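# Coordinates in review
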Amino acid sequence: DLVVNNNNASLGVFRNHSVENLHNHFLRVKLKGTQANPDAIGAKVYLYQKGNMQYLQQMPNRGFQSSSDLNLVFGLGNNPQIDSVIVIWPDDKMQSFTNIKANTELKLDYITAKKQWKMPLSPRKDYPFEQLTDRIKLDFLHEENNFVDYNRDGLLKQMYSTQGPALAVADINGDGLDDVYIGGGSGKRRALFAQQTDGTFSEISKTSFGSPATADETAATFFDADGDKDLDLYVVTGGNEFMTGGAILADMLYLNDGKGNFILSQGIPNVFENGSCVAAADFDHDGDIDLFVGTRMISGKYGLNPRSYLLQNDGKGNFKDVTKEIMPNNSLGMVTDASFEDLNKDGYPELIVVGDWMPIVILQNQKGKFPQALNKPIEYSNGWWNALEPADIDGDGDIDFIVGNLGKNSKLQCSEKEPAELYINDFDRNGSVEQIITCYNPDGKTYPMVLKPDLQKVLPVIKKRFIRHEDYGGKSIEDIFTQEQMEGVQKKTVYQSNSSLLINNGQGEFTLQALPLAAQFSPIFGIVVTDYDKDKKLDILLTGNFFDVLPEMGRFDANHGLVLRGLGNNVKGQLEFEVLKASQSGFSVNGQVRKMHKARSIKGKELFILAKNKDKVQVLGLN
């Protein structure tokens, strides 16, 4: 039946007489979900009849304060014969049913579901990529602690306490096979896995890594810290729940004994930051490996620039903080990723840094020091960057970069002429920092991206000026705050939301080229460059997604594993790619991928390790 709610009028109720008058048939489906989701919101039900299929999803919401019946009703017309009914529950458990009578109610209970639904691939069997997770036995589930950023930082649009897990891949015992370290959430499991001669993985070094992580482990890298020709491990800690400067945020260096056993070192200075990344290179050209450690944000003060670190190695695994001497301009921003690459081929690697509300920064290495950025900055490169991957993607002999951004599938829209802006200040002078994002509307004006109830909850001072919603609507940030309240504001700008190629012309100049539209559907965090089809043109694998955002923004979940097959340059001299979806390539990925790395396996086989937030590690390989 149909109930219509009318503005300023009585509601209408319409009785459905199709069964009585037309003798049509139906099937009513009633779903019983889990304790946390009793109505099974999000469940999908498919009904099949002689070559025809009907589909309904349990999504009863119909606009503001409106809902539909929680029973799903399929109209069968004059055909009462039902071949089958399939239900896919919100967590991808599934059931199928046959011998169902029309004109009845079918009750389905999640607790009886035993099968697992998997994304159907096309009939081809020669996919370039194959799923290896079960076969490889890299058994790790990342878990998070229970912290809700919005309870403390009421104006954030997403959570910044869920940036893990860390992932590092390298051959730690010299057997020619790559091994894997996966970081844990605060108080949760972390693990080091050694690859066996049969290609499976086994957990090792439980003495060092058997205890839970202290803070969130957000990044890690293997490198030779003490010059003994084996690979040691640096682990970056972070998490917005832990305040900057607290000892719980101490980064860790583990030294390898050459056999894959690791011992915690005391050879690093105190780095008590909400960290995001680590890059290793001999930046001072003295024969040992130094580090750059990037900081994601100042916990509780999103928007303000944190401090990042340059750590200089003495050759024996003892590191000194030389940031002030070597990189005087340390106000880089909210760094998310970094890489050392020798761009001018003088033997000294440049430092390339990307971040949130940041331009792409290339710091020139002048014989071991980084006094300034690139002479010609990359115009309009300010973005919400998440990841950076170096590669000679155009095959001209110099290093380019693939850079993961937020993408275009978001309420946060920006352009060179109409940028998004972030205003950071203690507007009410109470000692806490507030953040307000503004974006342009189609009317050509910029407005705050915050609802009145949310803003006045954090800043009650605005209640007196804006009693009604209509008083608040249509106001710019300058209208909302007085000149006195705006004093001390820091403003950041974003012009670019496309995940992109950063093309190097070999002469110190770089150009951004947006990746194909399919790469813009969701934030990109995982980037791997390979030549999977052996055609001597590099291909790009992209993964990402981010779920922990406010409902008003909508969670980012549209990346299911994307392959960009390199085709070379087009007539305009720009790189072209063929977009291969998961159903075409076999590179099928769900969940929130935070890190993705290549790994060498038996017989030189290439593996792709995907570390996911609040999910199991996934492994894919080449057929």
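Data block above holds the structure.
Figured I'd write up the structure that's included with this text. (Residues numbered from 1 in each chain as written. Predicted model: local features only at pLDDT ≥ 70, side-chain atom pairs only at ≥ 80, totals over all residues. Heavy atoms only, no water.)

### Some words on the overall build of the protein
Helix and strand counts for the protein come out as 10 helices and 42 strands. Computed over C-alpha atoms, the radius of gyration of the protein comes to 27 Å, within 12% of the 25 Å expected from 2.2 N^0.38 for 623 residues, which places it in the range of a compact globule. The principal-axis extent of the C-alpha atoms belonging to the protein is close to 90 × 70 × 55 Å. A burial count over the protein gives 52% of its 623 residues as buried. Contacts in the protein between residues far apart in sequence, at least 24 positions, make up 56% of those at least 6 positions apart. (Helix = DSSP H or I, 4+ residues; strand = E, 2+ residues; numbered from the N terminus. Rg over C-alpha atoms; globule rule 2.2 N^0.38 Å. Buried < 20%, exposed > 50% of the residue type's maximum accessible area, 1.4 Å probe, protein only. Contact = heavy atoms within 4.5 Å.)

### What to know about the side chain of Q58
Relative to the helices and strands, Q58 resides in the loop between strand 5 (52-57) and strand 6 (72-77). The contact partners of Q58, leaving out residues within four places of it in the chain, are L31, D39, A40, I41, G42, A43, L70 and L72.

### Details of a nonpolar patch on the surface
A cluster of nonpolar side chains, V3, L11 and V13, forms an exposed patch at the surface whose accessible area comes to about 310 Å². Along the chain, V3 turns up in strand 1 (residues 2-4). A relative accessible area of 59% places V3 in the exposed class. (Patch = residues over 30% accessible without salt bridge, like charges linked within 9 Å, V, L, I, M, F, W, Y side chains within 5 Å. Areas by Shrake-Rupley, 256 points an atom, 1.4 Å probe, with all protein chains shown as cover. Salt bridge = Lys/Arg side-chain N within 4 Å of Asp/Glu carboxyl O.)

### So, the sheet that holds strand 32 (residues 446-448)
Read across the sheet, 4 strands follow the order 32-31-30-33 without closing on themselves; strand pairing throughout is antiparallel. At either margin of the open sheet sits one strand with a lone partner, and together these are strand 32 and strand 33 (490-494). The sheet shows a mean angle of 25° between the axes of neighbouring strands, direction not considered. With 5 bridges joining them, strand 30 (residues 420-425) and strand 31 (residues 434-440) adopt antiparallel strand pairing. Its bridge partner being in strand 31, L422 is matched across the sheet by I437. (Pairing = 2+ DSSP bridges. Axes fitted to C-alpha atoms, helices over the stretch in contact; angles between N-to-C directions.)

### Details of the layout of surface pockets
Approximately 1,700 Å³ is the volume found for the largest pocket. D92, Q116, W117, N590 and K612 are, among the 47 residues lining the largest pocket, the residues nearest its centre. Counting residues per element, the ones that place at least two in the lining of the largest pocket are strand 4 (44-49), strand 11 (129-131) and helix 2 (133-136). Its residues assigned to classes, the lining of the largest pocket shows 16 nonpolar, 15 polar and 16 charged. (1 Å grid on protein atoms, 1.4 Å probe; cavity = no way out; pocket = protein on both sides within 12 Å on 5 of 7 lines; lining within 4 Å. Points joined across faces, edges and corners; volume = space filled by probe spheres on them. Nonpolar A, V, L, I, M, F, W, Y, C, P; charged D, E, K, R; others polar.)

### Focus: the sheet that holds strand 38 (residues 562-569)
What the 4 strands build is an open sheet, ordered 36-37-38-39; its pairing is antiparallel. The two strands at the open ends of the sheet, each matched to only one other strand, are strand 36 (524-530) and strand 39 (575-580). This sheet shows a mean twist of 25° between the axes of neighbouring strands, independent of strand direction. Where strand 37 (residues 539-544) and strand 38 come together, 3 bridges link them in antiparallel fashion. Of the residues in strand 38, the one forming a bridge with L542 is L562.

### Notes on the environment of D454
By secondary structure assignment, the location of D454 is in helix 6 (residues 452-458). Its relative accessible area of 30% is what places D454 among the partly exposed residues. Separated by 299 residues in sequence, D454 and L155 have C-alpha atoms that sit 7.1 Å apart. Non-local contacts of D454, meaning those with residues more than four positions away in its chain, are made with L155 and E552.

### A word on the side chain of S308
When you line up the elements, S308 lands in the loop between strand 21 (290-297) and strand 22 (309-313). In terms of polar contacts, S308 uses its side chain to reach the backbone amide nitrogen of T295, at 3.1 Å. Not counting the four nearest positions on each side in its chain, S308 is found in contact with F292, V293, G294, T295, T323, N330, L332 and V335. (Polar contact = N/O pair within 3.5 Å; in protein donor to acceptor, adjacent residues only side chain to side chain.)

### Notes on unusual backbone geometry
Here the amide bond leading from G164 into P165 is cis, since omega sits at 10°, within 30 degrees of zero. The residue P165 is located in the loop between helix 3 (149-152) and strand 12 (167-170) in this model. Here K137, not a glycine, exhibits a phi torsion of approximately 65°, which is positive. Structurally, K137 is set in the loop between helix 2 and helix 3. Even without being a glycine, Y380 presents a positive backbone phi close to 50°. Examined against the element boundaries, Y380 turns out to sit in the loop between strand 26 (361-363) and strand 27 (383-384). Residue Y380 is classed as partly exposed on the basis of its relative accessible area of 37%.

### Some details on the state of the cysteines
In this structure the tally under the stated criterion is 0 disulfides. Its sulfur unpaired, C414 is 7.5 Å from the next cysteine sulfur, which belongs to C439. (Disulfide = S-S within 2.5 Å.)

### A closer look at the nonpolar core
Counting residues in hydrophobic clusters, the biggest one holds 26 residues, and the most contacted among them are Y302, W357, W384, L412, A420, L422 and I437. When residues of this core are traced back to their parent elements, those giving at least two are strand 30 and strand 31. With 3 residues, strand 30 is the single largest residue contributor to this core. With residues up to four places along the chain from it excluded, the contact list for W357 reads Y302, M334, G383, W384, A420, E421, L422, I437, K492, T493 and V494. The next biggest cluster of nonpolar side chains, apart from the first, holds 20 residues, and it includes V29, L47, V87 and I100. (Core = buried A, V, L, I, M, F, W, Y, C linked by side-chain atoms within 4.5 Å.)

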